[in-house]
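# Notes for the structure review
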Amino acid sequence: MLNGKRVTVFVTGGIAAYKSADLVRRFIKAGAEVRVAMTKSACEFIQPLTFQVLSKHNVLVDTFDEKDAEVVSHINLADWTELAVIAPATANIIAKMANGIADDVVSTTLLAITAPRLIVPAMNQHMLENPATQANISKLENFGYTVLEPDTGFLAEGYEGKGRMPEPESIVNSAQLLLIEKTTNLPLKGKKVLVSAGGTRERIDPVRYLTNESSGKMGHSIAEAARDLGAKVTLVTASKLEYPFGVETIPVSSAREMQEIIMKDFDTTDIVVMAAAVSDYRPKHQADHKIKKTEDDLQILLEENPDILATMGNQKNKQFLIGFAAETDRVEEYAKGKLIRKKADMIVANDVSKEHAGFNKDTNEVIIFQTNKNPIHIETKSKKEVAKDILLEAIKSIQQI
Ligand SMILES: Cc1cc2nc3c(=O)[nH]c(=O)nc-3n(C[C@H](O)[C@H](O)[C@H](O)COP(=O)(O)O)c2cc1C
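Rules used throughout
Residues numbered from 1 in each chain as written. Predicted model: local features only at pLDDT ≥ 70, side-chain atom pairs only at ≥ 80, totals over all residues. Heavy atoms only, no water. Domains from an automatic or database assignment. Contact = heavy atoms within 4.5 Å. Buried area = accessible area lost by both parts, 1.4 Å probe. Salt bridge = Lys/Arg side-chain N within 4 Å of Asp/Glu carboxyl O. Polar contact = N/O pair within 3.5 Å; in protein donor to acceptor, adjacent residues only side chain to side chain. Nonpolar A, V, L, I, M, F, W, Y, C, P; charged D, E, K, R; others polar. Buried < 20%, exposed > 50% of the residue type's maximum accessible area, 1.4 Å probe, protein only. Helix = DSSP H or I, 4+ residues; strand = E, 2+ residues; numbered from the N terminus. Pairing = 2+ DSSP bridges. Right-handed = clockwise from strand over helix to strand, strands pointing away. Near = heavy atom within 4 Å. Axes fitted to C-alpha atoms, helices over the stretch in contact; angles between N-to-C directions. UniProt positions renumbered as here; feature names shortened; annotations may be inferred. Phe/Tyr/Trp six-rings, centres within 6.5 Å; stacked < 30°, edge-to-face > 60°. Lys NZ or Arg CZ within 6 Å of the ring centre and 35° of its normal.

In the nomenclature of an unreviewed UniProt entry, the protein corresponds to Coenzyme A biosynthesis bifunctional protein CoaBC from the organism Jeotgalibaca ciconiae.

### Looking at the domain arrangement of the protein
If you check the domain split of the protein, you get domain 1 (6-182) and domain 2 (192-291 + 299-400). Contact with domain 1, which involves five residues of that partner, is made by six residues of domain 2. Counting each side, the surface lost to burial between domain 1 and domain 2 is near 420 Å², with a carbon and sulfur contribution of 72%. The largest per-residue losses of area from domain 1 upon contact with domain 2 belong to Asn173, Leu177 and Ile180, which jointly make up 81% of the total buried on that side. Between the two partners, domain 1 and domain 2, sit zero salt bridges. Counting the contacts that link domain 1 with domain 2 gives zero residue pairs in polar contact (both at pLDDT 80 or more). In terms of residue class, the side of domain 1 that touches domain 2 is built from two nonpolar, two polar and one charged.

### Things to note about the pairing of strand β1 (residues 6-11)
When you tally the buried positions in β1, you get five out of six residues, the bulk of the element. In this sheet, strand β2 (residues 33-38) lies alongside β1 in parallel orientation, the contact comprising six bridges. The residue of β2 that forms the bridge with Thr8 is Arg35. Traced from β1 through helix α1 (residues 19-29) to β2, the parallel crossover comes out right-handed. Relative to strand β3 (residues 83-89), β1 is paired through four bridges, and the arrangement is parallel.

### Concerning the site of the ligand
Close to the ligand lie 14 residues, the nearest being Gly13, Thr39, Thr90, Ala91 and Ala122. Within the contact set of the ligand, an oxygen atom lies 2.8 Å away from a backbone nitrogen or oxygen of Ala91. Separating a nitrogen atom of the ligand from a backbone N or O atom of Ala122 is a distance of 2.9 Å. For the shell around the ligand, the residue count by class is seven nonpolar, seven polar and no charged.

### So, the sheet that holds β2
The strand order across the open sheet built from five strands is β2-β1-β3-β4-β5, with neighbouring strands paired in parallel fashion. Only two strands of the sheet have a single neighbouring strand rather than two, namely β2 and β5 (146-147). Against the sheet, helix α4 (residues 73-80) contacts β1 and β2, and its axis sits at roughly 140 degrees relative to β2. Along the sheet, helix α9 (residues 168-182) makes contact with β3, β4 (117-121) and β5, crossing β4 at roughly 150 degrees.

### Description of the UniProt feature "domain: Flavoprotein" (unreviewed entry) in the protein
In the numbering used here, UniProt assigns the "domain: Flavoprotein" (unreviewed entry) feature to residues 5-174. From the first C-alpha to the last, residues 5-174 spans 15 Å; its make-up is 42% helix and 21% strand.

### So, the packing of aromatic side chains
Evaluation of the coordinates by the stated rule reveals one aromatic pair. Arranged with centres 5.6 Å apart and planes meeting at 65 degrees, the rings of Phe143 and Tyr145 form a pair that is edge-to-face. Residue Phe143 is classed as partly exposed on the basis of its relative accessible area of 41%. We note Arg35 situated over the ring of Trp80; from NZ or CZ to the ring centre the distance is 4.3 Å. Arg201 extends its terminal NZ or CZ atom over the ring of Tyr209, reaching a point 5.7 Å from the ring centre.

### What about the pattern of salt bridges?
Applying the stated criterion across every chain yields a total of 23 salt bridges. Lys381 is paired through a salt bridge with Asp389; the nearest N and O atoms lie 2.6 Å apart. With relative accessibility at 28%, the residue Lys381 sits in the partly exposed group. When its relative accessible area of 23% is taken as the criterion, Asp389 is described as partly exposed. In this structure, a network of salt bridges that share partners links the residues Lys19, Arg164 and Glu167.

### Some thoughts on the sheet that holds strand β18 (residues 363-369)
Pairing between the strands of a sheet comes from backbone hydrogen bonds, and it takes one of two forms, parallel or antiparallel. Sheet architecture is open: eight strands sit in the order β12-β11-β8-β13-β16-β17-β18-β19, paired in mixed fashion. Every other strand in the sheet has two partners, leaving β12 (248-251) and β19 (376-382) as the edge strands with one partner each. Ignoring which end each strand starts from, the neighbouring axes of this sheet average 20 degrees apart. One ladder, built from five bridges, connects β18 with β19; its direction is antiparallel. Across the sheet, the residue bridging to Asn364 is Lys381, located in β19. With respect to the sheet, helix α11 (residues 255-266) is in contact with β8 (192-197), β11 (232-237), β12, β13 (271-274) and β16 (320-327), its orientation differing from that of β8 by roughly 175 degrees.

Dropping the structure here:
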């Protein structure tokens, strides 16, 4: 989402200004082109040179320091900007923005900007709670600007309180969500996507369970790709991976738990992607205490788990149903059989015996099977890229229905 985006970071005079250097670096790492403008007060906390080196561009500090006769620098910057991030945003700049004051390069440029604005307040708790600041924040929200909630924690003043600038990683995530929200032509805008991920765990006793090699990377990548394509995403995951930002994530453990959660949302969902490796069987009896070692062999009787994909196949009306098939041999035969048996609209097959594909890997190589369509081979690439290809293929098929 940030790749190639023109982002201006406005740094104002708060103690958190030092974190803005990391913020700029992260935007650049995410593929954005970054420019920086600073208030005079901000320069008391961090040198413009730091931002000049990081952004590889001159930093605007003075409205009247016009170096280029061809342009008016602050208007030029305002017109160039596709996303404005004010971080840290002092109580002062918040007040100025709320009241249309333009008396330095930051406030003047911000007044001339038409791009989305992400305001990141950071200040002492009492300054934040002051009714004037609260009224100004409400005013900015009513203007349609996005104002982030400050973190609570140890403040520079030496006590716990609310007012800390959120960590740069979380600001970059919020920036991406804002851009997704403001981009009207994303192909999954207005669609609800449900994704399952990870290997389910079937309890034997309180300390042991049956599971499989699935890491959840493919499912989590699909949830992220669906989010970036504009969908409202729910991820039902049995994986231990970090939750993706901007995705409603529901942790589950067993196949039955997964089914219960998924079926609750099924009716209102447009696309379901079953990327989870659901255990086919579970222990028939779950011991409520740790099973002790004995001289005899231990037998665990297994019973069949619900087939979530087939259940959805039988109940679907408008939903586009995508299943995964992880095979070690006869991939095409099994995948095509699964497509028909489960009444799915698409089966994504991967040969998990291949070096760059399948469980726990960061890359995947898959073949997409659909009824009445030729199989589509997606060569080895990152799971995030494979996820996007799968969803784009599904969108194409949905548009043809
Ligand atoms: C050590 C120090 C730390 C400060 N930290 C903050 C802060 O975190 N947030 C804030 O709103 N103001 C803070 N201020 C006050 C602002 O710097 C002051 O209001 C200034 O006028 C803001 O100017 P600017 O908005 O043009 O950058 C701090 C001041 C000092 C001296």
